[in-house]
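# Commentary on secondary and tertiary structure
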Amino acid sequence: MVHVYNCHPFTSQQIVQVEQEPGLVCCGGGALFVVTTGGCKVEVYNLETEGCPLICRFASMGTVRRIRHSSIGDYLVTIEEKNSATYLRVYTNWRHQAEEKSRVGVRLLGHLLRGASVWGGVQMEIIEIPLSEHPVSLACCALTGDLLVGCENTLVLFTLRRHTQQNLQNQQNLQSSWSNSEQSCSQSPGRTSQNQELSVLDFERSVILHLSKITPKQVALCGGYVAVQAELEVLVLKLEATAEPTGVEEHSDSFKSEDYPEEQSDFLLVPKHQELLGDGARTCDVPVSVEQTGLEDRRHYTLSYLLFRRFTPEFFQGCSVEEIQLHSLQLHPMTTSKQSASVDEPACMFCFFSLPTAGYLYSLRGGVELLSTYQYPEKALQAVLTDHLLHVITRNALQSFTVRCAALAARVEDPYIDTTMKACPPCSLEVCALRMQLFIGLRSLCVFGRHVVLLSTADTEAPEETERHTQRRGLSRRWAISSPKETSPVGHGWNLYVVDTVPPITLHQEMVEYSQRYAETNPQGLSLRHLLSEAHLLLRSSLLESSEQRQASEGVRKMAAQTYGEELEEAFRQNSAQLGDSFSRGSQKDCHLALPYYRMSGLSVTEVMSRNRPLPGSPHSYGPGFLFYLKNYLLEETDQILGQEDADEVTRIFSQSEPSMLVSACASPCMMNVDPAATLQILQRLEETAGVSVPLTITMATMMLRLGNMAQYTELMERHAEMLLVYGFIEEPRLLLHTAGGGGGGKHPQVRPTALAAQLADSQPGLLVAAMVALHENNKVQLEPADHVFKELGCESSLQVDFWEAMLMASSQDAVIQELVFRLASVYIDRLTAGESPTKHKSLKSVDDLISCCSHYGALYPWLTVLNPAQTSSYQHQEALHKLQSLLCGPSLSIGNVAPLLESLSEETLWGFSLHLLCATRRGHYGSSIERLLDRCPQAIIAYANHQLQDKHMALWWQKLLPELCNRTRAAADNGFLLGALTETLVVVAMETSPAEFLELLPDDGSASFFLPHLLTCGQKHLPA
């Protein structure tokens, strides 16, 4: 369905003063080209200047049948007839014809002229392009300036080449006279330096596409996309250039189509309607083969099918069979504001074509899709697609329709569209027709920027024919039924109009004013939302343009363009707010769109609330879209804090509309100024109706804490077990933590504790630690932000360490475990080196608790009890020592990582020596450890050996320990610790070795009375049964 709105898209109209009757018109490059009725003279007018003054006029070499202008290269290309022959010619440097008696150079394709054209193109050149077939249609690429020529059975692609002066000089005949060249250069040194950067245009025949079953009536070319239009068929291809041949045959012998015998001329065969998109278009019955023809261009071209559409003639709707033909084929590129206008591959590519009764707009990039279908109220003669509007002419009217190009391009540019962050009206939004502009006898249409050029002629018509035509028109309100008639050879008038369209922002304002009529009668109607969406897309299309494109299209200077851009952004914000208002009061189906539109509007939550506040006495309450917006706003972590009145209003809104959201609303950081007494009453009523819940109880306790009622606070917190309270914090983490909106630009968002968290740190530290661990394990908070919370609470040396220990008990992530054991080892070492502990805080978990509950803490080795000092140091010192020793005895702490930290500990103290010895033992340095232990504390050697020298290390008893004890006992015979250790060692050695091996181990100067009992024990152990 096409909506019709009485908005005027045109702002001014002027008549071009043309001396002779126009035959063909086209525009481009700020100029209007008019071919007179005779077809042998081209007049050029300035579209950018008021009154459209004449720029120049020049004669063509034949009668012009087709004419096109290319903005890239600023050249004209024509199909001309002379003496029953058809020619393809290109006119370059035509602007130099503004000078009187200007020279004209004529050359063939690829043959460059010498003289003036070599030195920068100071004269107009006519390039004649020979073709093997008659050309019937033309198209110029808006991105590259390439030329596509449609012949009866082929499409020929010509690549635009620019030859600089240096290249031209290299191509000159080397046998020419140097003296003549030097003389020429000496006569015009200034011109040579001035034209160093100028270039001469030429073309190269790059590729030929052979079409065997379609006759091109119109062609289009843009950025590698090729479109061909026959009477009732449209084929769109994509040409891609590769450096190397792909080895794939391009001609399509595999196409299967039924060949109808030519002798069956008595029958009219009507093909069925067909629409093939994407890869399915390859199955159409139109084979295309590629012929590589480029000489300088060594690239190889491959083609892919994108779209095939075939229509069946319809013998109704007010059009005869002869009139049912396609027209207005167009490929329209659209770049985004992040792209350069000169890129080869635009963000979006659209294909438009039209029947007399309907127009079709397809998107080609990112999947072929039909975006819009335009139903015309009467027979359309021609249509032109632009970024903002589709202009269509009928016999007596110019009408404009809205387009959906901006909706698709915006989604390509911004991936956040169609999320909770941003929104845009859908591409499937129904189109609308704007106010019609009436003319008489329109014939052709062309568009450049904001200028719409119309050619009209008034034909002489017999009175009886006029009456009959009027009667036919009365038969149908929608369709003007008329039979085709020949144009009268004697015309009594013609006009060439230039109609300027209004700027998009002006049309947007008119649409908004027009929408107020719907807002007054039906604020929730679809027409209001549709008009606002149309206005939104108009602004989108302008915002997608770069500043250079906007400056060129609007014809304003740089400063004015900057101001215009600011006006666009402000209008965009206002329109987003209006769409947000529409969706906030709309149905449940689309209410979620209020959130992204309000976000794009830049309105604060206070302003949004004021826009959605019901009027006094109004039966309407808050809409579902507004509630959705408010819920999402409260769930976000934002730095914006509501005032008390607004915060209290939020609680009242949810208490009436959605009481289940009250806890989340009260926990939001933006609700810090809410009145605790009034909120507490609302929460108590909720508890009476909905029942007791842990998050609700904690929220009520928070309000009691803010009121300073510690007795009631304690009573509420003691209502549930500690584990249930932890579950309550998991359900609503913001009761403990608030996250700043900006996040400080760091890796993690800025997290700060609430007043309740500060109270728990003083009164219930175990609950706070357990809750933080649960939040981390449920991915509610990361390790670094959690550390920041404890630092803000001033507990970095006490509760933070308890949190790390509890995390080590609960976590199963290897990366987190390694980080935690290293941090804890560092803290324990710092506490040992600090001497007296900086805090008198008693840890939540003792070393025995950690050993029994956490696998990362190992049981203390028995020999460490000998080395640990008596209870002469503080409790905190002893605790840190035992926990560090337990970590070193556990399986998780990497000795290589912690060894540099242990270097700060001296071995002079026995506890320091025990840590270094433990580290060396973990590294496998048993031999040196035995020596160091015998030097420092021999009474611990047997306990050390019994624990460490087992299994594969058992041989160290007699290989290392026994020799060391023998040597040290020999030197200090009165040392009872050494003698006792030697005795214990001999007992173990006697049990583990054979008598012969034992004898080998005994020292030569040993006392027989001392060693003999152990030898007898060894022998008895090995006696046969």
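See the structure printed just above.
The text that follows walks through the structure, step by step, so that each part is easy to find. Quick caveat, the model's predicted, so the values are computed rather than measured.

### Comments concerning the overall build of the protein
Counting its regular elements, the protein contains 34 helices and 35 strands. In the protein, buried positions account for 51% of the 1025 residues. A sequence separation of at least 24 residues applies to 66% of the contacts in the protein between residues at least 6 apart. Accessible surface, the protein as shown: approximately 47,900 Å² in total, 50% of it carbon and sulfur.

### What to know about the sheet that holds strand 7 (residues 63-70)
Reading across from one edge, 7-8-9-11-10 is the order of the five strands in this open sheet, with mixed pairing throughout. The strands lining the two open edges of the sheet, one partner per strand, are strand 7 and strand 10 (104-108). Taking the axes of each pair of neighbouring strands and ignoring which way they run, one obtains an average angle of 25 degrees across the sheet. Across five bridges, strand 9 (residues 85-92) lies against strand 11 (residues 124-129) in antiparallel orientation. Bridge pairing in strand 11 places Leu88 opposite Ile129.

### Describing helix 30 (residues 941-948)
For helix 30, the complete set of buried residues consists of Ile941, Ile942, Tyr944, Ala945 and Gln948. Projection of helix 30 onto a plane perpendicular to its axis shows the buried side chains occupying an angular sector of 160 degrees, all on one side. Packing partners of the buried residues in helix 30 comprise helix 25 (862-867), helix 28 (910-922), helix 29 (926-936), helix 31 (956-971) and helix 32 (976-992).

### Concerning the sheet that holds strand 3 (residues 22-28)
The strand order across the open sheet formed by four strands is 3-4-5-6, and the pairing between neighbours is antiparallel. At either end of the open sheet lies a strand with only one pairing partner, and these are strand 3 and strand 6 (54-59). Going from strand to strand, the sheet's axes swing by 20 degrees on average, the running direction of each strand aside. Sheet topology places strand 3 next to strand 4 (residues 31-36); six bridges connect them, and they run antiparallel.

### Digging into the pattern of salt bridges
Throughout the structure, instances matching the rule amount to 35 salt bridges. The partner of Lys883 in a salt bridge is Glu805, and the shortest N-O contact between them spans 3.1 Å. With Lys883 in helix 26 (residues 875-889) and Glu805 in helix 22 (residues 799-810), this pair connects stretches of sequence that are 78 residues apart. In the salt-bridge network here, residues are joined through shared partners; they are Glu931, Asp935, Lys960, Glu964 and Arg968.

### Some details on a nonpolar patch on the surface
Together, Met723, Leu724 and Tyr727 give the surface a local cluster of nonpolar side chains, amounting to about 320 Å² of exposed area. Owing to a relative accessible area of 49%, Tyr727 belongs among the partly exposed residues under this scheme.

### A look at unusual backbone geometry
Phi at Asp74 is positive, roughly 50 degrees, even though this residue is not glycine. Secondary-structure assignment places Asp74 in the loop between strand 7 and strand 8 (75-82). Look at Asp951: it is not a glycine, yet its phi comes out positive at around 55 degrees. Note on placement: Asp951 falls in the loop between helix 30 and helix 31.

### Regarding the packing of aromatic side chains
Counted according to the given criterion, the structure contains 19 aromatic pairs. Between the aromatic rings of Phe352 and Tyr374, the centroid separation amounts to 6.4 Å while the plane-to-plane angle is 70 degrees, which identifies the pairing as edge-to-face. Here Phe352 is found in strand 23 (residues 348-354), whereas its partner Tyr374 is found in strand 25 (residues 369-375), with 22 residues between them in sequence. Of the residues examined, Phe352 reaches a relative accessible area of 0% and is grouped as buried. By way of ring pairs, the aromatic residues Phe311, Phe353, Tyr360 and Tyr362 are connected into one cluster. The ring of Tyr87 is capped by Arg89, whose NZ or CZ atom sits 4.4 Å from the centre of that ring. Lying over the aromatic face of Tyr225, Lys238 brings its terminal NZ or CZ to 4.6 Å of the ring centre.

### Overview of helix 28
Counted at 1.5 Å a residue, the expected span for helix 28 with its 13 residues is 18 Å, and the 18 Å between its end C-alpha atoms agrees. Most of helix 28 sits out of view: eleven of its 13 residues are buried. Residues of helix 28 that are buried: Trp911, Gly912, Phe913, Ser914, Leu915, His916, Leu917, Leu918, Cys919, Ala920 and Thr921. Those residues of helix 28 that are buried lie in contact with helix 23 (814-833), helix 25, helix 26, helix 27 (895-902), helix 29 and helix 30. Among the residues trailing helix 28, Gly924 stands out with phi positive, at a value near 90 degrees.

Procedures and definitions
Residues numbered from 1 in each chain as written. Predicted model: local features only at pLDDT ≥ 70, side-chain atom pairs only at ≥ 80, totals over all residues. Heavy atoms only, no water. Helix = DSSP H or I, 4+ residues; strand = E, 2+ residues; numbered from the N terminus. Buried < 20%, exposed > 50% of the residue type's maximum accessible area, 1.4 Å probe, protein only. Contact = heavy atoms within 4.5 Å. Areas by Shrake-Rupley, 256 points an atom, 1.4 Å probe, with all protein chains shown as cover. Pairing = 2+ DSSP bridges. Axes fitted to C-alpha atoms, helices over the stretch in contact; angles between N-to-C directions. Arc of directions from axis to C-beta. Salt bridge = Lys/Arg side-chain N within 4 Å of Asp/Glu carboxyl O. Patch = residues over 30% accessible without salt bridge, like charges linked within 9 Å, V, L, I, M, F, W, Y side chains within 5 Å. Phe/Tyr/Trp six-rings, centres within 6.5 Å; stacked < 30°, edge-to-face > 60°. Lys NZ or Arg CZ within 6 Å of the ring centre and 35° of its normal. Expected span 1.5 Å × (residues − 1).

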